[in-house]
Protein chains: 4
Amino acid sequence: MNAIQFGLIGAGTIGRVHAQNIANHPQASLRWVVDNDRSRGETLAMAHGAAWFASLDDALTDKPVQAVVIASSTNVHEEHLLSCVRAGKAILCEKPIADGLDRAKACLDAARAAGVAAAIGFNRRLDVHHRAVYDRVRSGEIGPVETLHIVSRSSRSAAPEAAHRAGGMLREKGTHFYDLAFWMAGSEPVEIYAAGGCLFDQGYAAFGDVDTAALTLRFESGALATFSFSRRTAYGYDEMIEVFGAQGMLQSKRQRQRGVALYKGSNVIEDGMHAGWYERFAPTYVAQLDVFVAAVRDGGPVAADLADGMRAQAVAEAAIESVVQRKPIVIANIWRKQ
Amino acid sequence: MNAIQFGLIGAGTIGRVHAQNIANHPQASLRWVVDNDRSRGETLAMAHGAAWFASLDDALTDKPVQAVVIASSTNVHEEHLLSCVRAGKAILCEKPIADGLDRAKACLDAARAAGVAAAIGFNRRLDVHHRAVYDRVRSGEIGPVETLHIVSRSSRSAAPEAAHRAGGMLREKGTHFYDLAFWMAGSEPVEIYAAGGCLFDQGYAAFGDVDTAALTLRFESGALATFSFSRRTAYGYDEMIEVFGAQGMLQSKRQRQRGVALYKGSNVIEDGMHAGWYERFAPTYVAQLDVFVAAVRDGGPVAADLADGMRAQAVAEAAIESVVQRKPIVIANIWRKQ
Amino acid sequence: MNAIQFGLIGAGTIGRVHAQNIANHPQASLRWVVDNDRSRGETLAMAHGAAWFASLDDALTDKPVQAVVIASSTNVHEEHLLSCVRAGKAILCEKPIADGLDRAKACLDAARAAGVAAAIGFNRRLDVHHRAVYDRVRSGEIGPVETLHIVSRSSRSAAPEAAHRAGGMLREKGTHFYDLAFWMAGSEPVEIYAAGGCLFDQGYAAFGDVDTAALTLRFESGALATFSFSRRTAYGYDEMIEVFGAQGMLQSKRQRQRGVALYKGSNVIEDGMHAGWYERFAPTYVAQLDVFVAAVRDGGPVAADLADGMRAQAVAEAAIESVVQRKPIVIANIWRKQ
Amino acid sequence: MNAIQFGLIGAGTIGRVHAQNIANHPQASLRWVVDNDRSRGETLAMAHGAAWFASLDDALTDKPVQAVVIASSTNVHEEHLLSCVRAGKAILCEKPIADGLDRAKACLDAARAAGVAAAIGFNRRLDVHHRAVYDRVRSGEIGPVETLHIVSRSSRSAAPEAAHRAGGMLREKGTHFYDLAFWMAGSEPVEIYAAGGCLFDQGYAAFGDVDTAALTLRFESGALATFSFSRRTAYGYDEMIEVFGAQGMLQSKRQRQRGVALYKGSNVIEDGMHAGWYERFAPTYVAQLDVFVAAVRDGGPVAADLADGMRAQAVAEAAIESVVQRKPIVIANIWRKQ
């Protein structure tokens, strides 16, 4: 069975993760890397026996490549995604789809029209803990979902300008969690209220961004989800999900990096949380690639598709508007197929 | 040292708790109980060697009584509190102060003018777990407070009409937690957004009440508090506080009723939460009375005073308005001394 | 209903606990305290409106007293217990019964012959956590018991000579836990191996005592119990029970003094264990007295009787012999009724 | 850099684990598999592009192989190990070294005389949790070690005859944990008492084996280690280490297979333990191979050497003798270099 040939756009942090996982996958191989920074692009390509291109158009002339991972900055996702769609490649695109609703919609429409397999990088759906909660909630174990509470606090954050290029906190971080909430609630989002501010670094404000936010999302079913986001903690990466239903509550608990405890003085001092999101979620990128490879090969479903990405993006855009207007915003329902 | 003589208004559930605690306190004794339901009033009075009165005015002619606990329905708090103030009694009033802002303000103003000691029943400030978190947060251990998350979910709820008489969820339950949030954040509340609904019992809607709510409170400091409330759980009484600051996070964790675990099959099955709020918080009523007795005797501070009650009430009234208007509401700042 | 009149022998630490609990109990009152240290005896007696006696014989002429709590040093338990038996009083005796097997047997035989109610102070049977485990184990929830592991490590220990007077670690501490093991295993003890030593204070060795021990107890059923004892920890009082059966494992978990957690740096720092055994087990003394009062009043069973004390004592004596002989010792079965 | 060529003896469960890990390792490759069961030997060899041999002597004529993993039955370890030593191969041998003290000593002496790198498969030393405890204990964080408690209970056990071939519980399971105890205590073992029995399957008794055991090991330092072993649980694989020292206690806690909790009724139901030892310890085999590859390549130390294996074996043989004689047995100190 021949390995699926991959192209990769973007040789930054997350691009390097994808490159390594493609290289390790028994049914995938990395053929080229596109990055306009020659140094890092070529280094990554060479490490995996792949070619480096500065230009995506040049790379896309390489016929054997069936699938492309888009791991470039959010503000160029649209351009890259549309090019890949035109070239007929299967796509695994990092979230968010784009840095605005219209651009994201253009991507979704193009991919739908072309009929290419297009996945959005909602890797947290592949986390074994989150997924176990999802399976049990959707199977009805706790009855109808009434409220959800999701925490995501980063241990360290990008500087304001880089964070802005990535889409801003309510888009870049947020889309992961709006998606998880929808996925677990099993109902469509209708309205969001976002209260945010710059509590520790005013630099984000210059880009219309926040470093801290508390959001409330209302679903069609009446269920309510709350989100607590921060750009930095003093204790590592912090993620937790709590789903409260009529017949019980399920938690995907905070994870500890090790199971070690010290009893000393008046305390029990346990090894704490993972240093960062990658230490916590590295296995989910492998699992996500695995599902994507199977989808490309066998035509099966991806873990999350562009419509899922579009739904989360619509929530993000409403959340951003809510911060500006300081009131709840109705979410544009533009992700469903007409 | 003579015991302080107490009067008690209200022989319902919480009235009986106060009566028992007064009877057990080495420096307090119960002299009368007022309740217009003769049967329950007289039964409670007799159990503690006290007199029963149908009328508060009659009871207040009894000079030796120095202090009165008001444990009647919220909708008659104002009447009872004003009578006690006029009679010059020290007051420990169950929360909320009243079922509306003006009525609560009248109580606060009258008590201030008369100079009587007046405590509000925010017993959770006396919980040893919450208090330890408070002490450590206020001492600066986690730096400036950025966000708080408070969960309070009742294991069983009053029927809609009784719940309405008690003030409704956002007043009766809510005031406890708005107060805890303010107390820990160390900043005044300025705006609240409350998303609520009847997710399991539409009966509450007839009284303008909700059974489920998610609230976001903004403080002067910029800190944000979120609250998750429900009128029933499938797993006992659920309360938890999380305070996130620049230098760490402190939690007052969910409590378990017992420290027992069963390892069986693919699970570890631990003894769960307390059956109800009383099982969880019984000791706080004893501690609250102890502080109040000391305040009456020695003129020291009460654990929480009517101004604290007024602040929480102002938040509650804004929260109720927010549910109606479906937008954030600015909190009337009427609790501070002019 | 008249309160039961109590006498108390011993005004030391544990004597003061009993005095306070008797004073607080609605159906008990303290009539006299015997202690040959006039200062502490009289102080304790006066605090509860009781009389002080230097001599037990004098005190026992006081007819209204129905029940006596023996809280003197272990080395005078026999003398005190036999006097109380002769006077026909109901007895609640602190453990161990005596500091040797013959003396303990003499106590048991005398109490049996006289037919007086005689309880041994195995208060841990009244701990709600331990008791829940016991109830579930005995109900068959985990099937036949195969192994038990019991930890008891004191946060601070008596000096060697005082510890010796109290019976030594394997008697004074040990009897509590041999009893719990028997109680939960539901089988009689047959052989014990005790490996002990002075790992931090050679002073205990001068009295034939140890500061650290690991014991293995074999039951008639074949079940095995291990015990880990220490005279001091660097982290408060440490007690834990684990019962492993054919169909599951039940734990009475380590308790924490408060439910507070701090997330900071690479750790989660939780509030630790209770400062000492009393902070952990204070409620069990109240519960034990309650059962004893009911037994005296109504003739019901005590929580643990002298035969239970005798069984644990027989294990203790064998354990002490095992340390000397460095091999397992068969336990003299002298606690059963012939 | 050329990969190190490996041979593998034994295509059973653990042999397949080693084969897969060698195949995945970037600096190792599998050249042959020896197993006298042609079907399973050839299948495993083919899966990794290796050759199959029925005879070890034939295989050892293959010069490029530098290192051999011995994963055959314990009762043929000696024969296989001596052959590999004679052939000058580096060796990674599964524990225990042999099924008797003399045979194990012969292996150790031969390997020492030949000067080949020889590792024993004490993979638990590579567990990140255990290792973190080890590092902190050895760095002095809890002061001198006074007691250790180690639990290892298998979720399912081999049938009596197969278990006997593997060495019996006190050898096959035991050597892992005697080694961990020594490793953490930092002191040599001097005496052991083992109380064991067949509590659920008398079939083991026919082979002089037990299904349940409680052991007490005394170290030169005076420290005491207790072990609780069982051949089956009703709740998955159960392993836990507790190290108690003068200045604190460190635990390598029981691990859970997932971080999911359900709050329902009067319980909190958490996802439990791993199904078996392999699910819990799979990563340690990878880590162990990594250390071994580096040792073969660079001449560095192995994670545990044959002398470590010999020490644990000496403890095992004394433990087996202790069960027979029902008394503590002095451990033959034959692992140190003369």
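Predicted model only: the values in this text are computed from it and were never measured.

Visitor: An account of the relation of the copies chain D and chain B is requested, with residue identities and associated values reported.
Guide: Its rotation angle being 180 degrees, the transformation that places chain D on chain B also includes 0.0 Å of axial translation and leaves an RMSD of 0.0 Å. Here the two chains are linked by the operation of a two-fold rotation axis. No C-alpha of chain D lies nearer the rotation axis than that of isoleucine 269 of chain D, which sits 2.2 Å from it.

Visitor: Kindly report on the interface of chain D and chain B, identifying the contributing residues and their values.
Guide: Put simply, an interface is often sized by how much accessible area is lost when its parts join up. Between chain D and chain B, the residue contacts involve 13 residues of the former and 14 residues of the latter. Listed by contribution, the elements that provide at least two residues to the side of chain D that touches chain B are strand S13 (260–264) and strand S14 (267–271) of chain D. Among the elements that line the side of chain D that touches chain B, the one with the most residues is S14 of chain D, at 5 residues. Grouping the constituent residues of the side of chain D that touches chain B by class yields 5 nonpolar, 5 polar and 3 charged.

Visitor: Account for helix H5 (residues 101–114) of chain D, naming residues and giving values.
Guide: Residues and elements named next belong to chain D. Spanning 14 residues, H5 covers 20 Å between terminal C-alpha atoms, matching the ideal 20 Å at 1.5 Å per step. Restricting attention to buried positions, one finds in H5 the residues Ala104, Cys107, Leu108 and Ala111. Projected onto a plane normal to the axis of H5, the buried residues spread over an arc of 95 degrees and lie on a single side. Of the exposed residues in H5, those oriented more than 90 degrees away from the buried face are Asp102 and Ala113. One or two positions beyond H5, positive phi appears at glycine 115, with a value near 70 degrees.

Visitor: I'd like a description of the interface of chain A and chain B, backed by residues and values.
Guide: Listed by partner, the interface residues are 27 residues for chain A and 27 residues for chain B. Mapped by element, the contributors of at least two residues to the side of chain A that touches chain B are strand S7 (145–153), strand S8 (189–197), strand S9 (212–219), strand S10 (224–230) and strand S12 (248–252) of chain A. The residue inventory of the side of chain A that touches chain B, partitioned by class, reads 12 nonpolar, 11 polar and 4 charged.

Visitor: Provide a residue-level description of the pairing of strand S10 (residues 224–230) of chain D, including the pertinent values.
Guide: All names here are of chain D. Along S10, 7 of the 7 residues are buried, which leaves the element largely enclosed by surrounding structure. Residues Leu224, Thr226, Ser228 and Ser230 point to one face of S10 and Ala225, Phe227 and Phe229 to the other, with burial holding for every one of them. Connecting the antiparallel pair strand S9 (residues 212–219) and S10 is a turn made up of 4 residues, with glycine 222 showing a positive phi of about 95 degrees.

Visitor: Describe the pairing of strand S9 (residues 212–219) of chain C, listing the residues and the values that go with them.
Guide: Residue and element names in this part refer to chain C. Burial analysis of S9 places 7 of its 8 residues in the buried class, the great majority of the element. As paired elements, strand S8 (residues 189–197) and S9 share 8 bridges and run antiparallel to each other. Paired with tyrosine 193 across the bridge in S9 is threonine 216.

Visitor: Explain the domain arrangement of chain A residue by residue, including any values.
Guide: Residues and elements named next belong to chain A. On domain assignment, one finds that chain A holds domain 1 (4–123 + 284–303) and domain 2 (125–279 + 310–330). A separation of 26 Å is found between the C-alpha centroids of domain 1 and domain 2. Opposite the 17 residues of domain 1 that make contact, domain 2 presents 17 residues. Looking at the side of domain 1 that touches domain 2, the element that brings in the most residues is helix H5 (residues 101–114), giving 4 residues. Within the side of domain 1 that touches domain 2, the residues separate by chemical class into 8 nonpolar, 6 polar and 3 charged.

Visitor: Tell me about the environment of valine 302 of chain B, and please be specific about residues and values.
Guide: Examined against the element boundaries, valine 302 of chain B turns out to sit in the loop between helix H10 (277–298) and helix H11 (306–325). For valine 302 of chain B and alanine 117 of chain B, which are 185 residues apart along the polypeptide, the C-alpha to C-alpha distance reads 7.9 Å.

Visitor: Mind laying out the sheet that holds strand S5 (residues 90–93) of chain C, listing which residues take part and the relevant values?
Guide: Residues and elements named next belong to chain C. Taken in spatial order, the 6 strands line up as S3-S2-S1-S4-S5-S6 in an open sheet, and their pairing is parallel. Each having just a single partner strand, strand S3 (51–53) and strand S6 (118–120) make up the two edges of the open sheet. Geometrically, the sheet is characterised by an average inter-axis angle of 25 degrees between neighbouring strands, direction not taken into account. As paired strands, S5 and S6 are joined by 3 bridges and run parallel to one another. The residue bridging isoleucine 91 from the neighbouring strand is alanine 118, located in S6. Its contacts with the sheet place helix H4 (residues 77–86) against strand S1 (4–9), strand S4 (67–70) and S5, and it is angled at close to 175 degrees to S4.

Visitor: Lay out the environment of arginine 258 of chain D with the relevant residues and their values.
Guide: For arginine 258 of chain D, the position within the fold is in the loop between strand S12 (248–252) and S13. Excluding residues within four positions of it along the chain, arginine 258 of chain D makes contact with Val128, His129 and Ala132 of chain A together with Asp271 of chain D.

Visitor: Break down the nonpolar core for me, with residues and values.
Guide: In this structure, Ile91 of chain A, Ile91 of chain B, Ile91 of chain C together with Ile91 of chain D are the most contacted members of the largest nonpolar core, which totals 468 residues. Residues within four places of isoleucine 91 of chain C in sequence aside, it is in contact with Val68, Ile70, Leu81, Cys84, Ala111, Val116, Ala118 and Ala119 of chain C.

Visitor: Give a description of the sheet that holds strand S2 (residues 28–34) of chain B that names residues and reports values.
Guide: All names here are of chain B. Strand order across the open sheet formed by 6 strands is S3-S2-S1-S4-S5-S6, with parallel pairing between neighbours. Across the chains shown, the open sheet's two edge strands, defined by having one partner strand only, are strand S3 (51–53) and strand S6 (118–120). Direction aside, neighbouring strands of the sheet carry axes that sit 25 degrees apart on average. Both strand S1 (residues 4–9) and strand S4 (residues 67–70) contribute to a ladder of 4 bridges, which runs parallel.

Visitor: Which residues make up the relation of the copies chain A and chain B, and what values go with them?
Guide: Expressed as a screw operation, the relation of chain A to chain B combines 0.0 Å of axial shift with a rotation of 180 degrees, fitting to an RMSD of 0.0 Å. A high fraction, 100%, of the interface residues of chain A reappear at the interface in chain B, so the copies pair face to face through one surface.

Calculation notes
- Residues numbered from 1 in each chain as written.
- Chains lettered and ligands numbered in written order.
- Predicted model: local features only at pLDDT ≥ 70, side-chain atom pairs only at ≥ 80, totals over all residues.
- Least-squares fit on C-alpha atoms with pLDDT ≥ 70 in both.
- Contact = placed C-beta atoms within 7 Å.
- Helix = DSSP H or I, 4+ residues; strand = E, 2+ residues; numbered from the N terminus.
- Nonpolar A, V, L, I, M, F, W, Y, C, P; charged D, E, K, R; others polar.
- Expected span 1.5 Å × (residues − 1).
- Buried ≥ 20, exposed ≤ 12 C-beta atoms within 10 Å, placed from the backbone.
- Arc of directions from axis to C-beta.
- Pairing = 2+ DSSP bridges.
- Domains from an automatic or database assignment.
- Axes fitted to C-alpha atoms, helices over the stretch in contact; angles between N-to-C directions.
- Core = buried A, V, L, I, M, F, W, Y, C linked by C-beta atoms within 7 Å.

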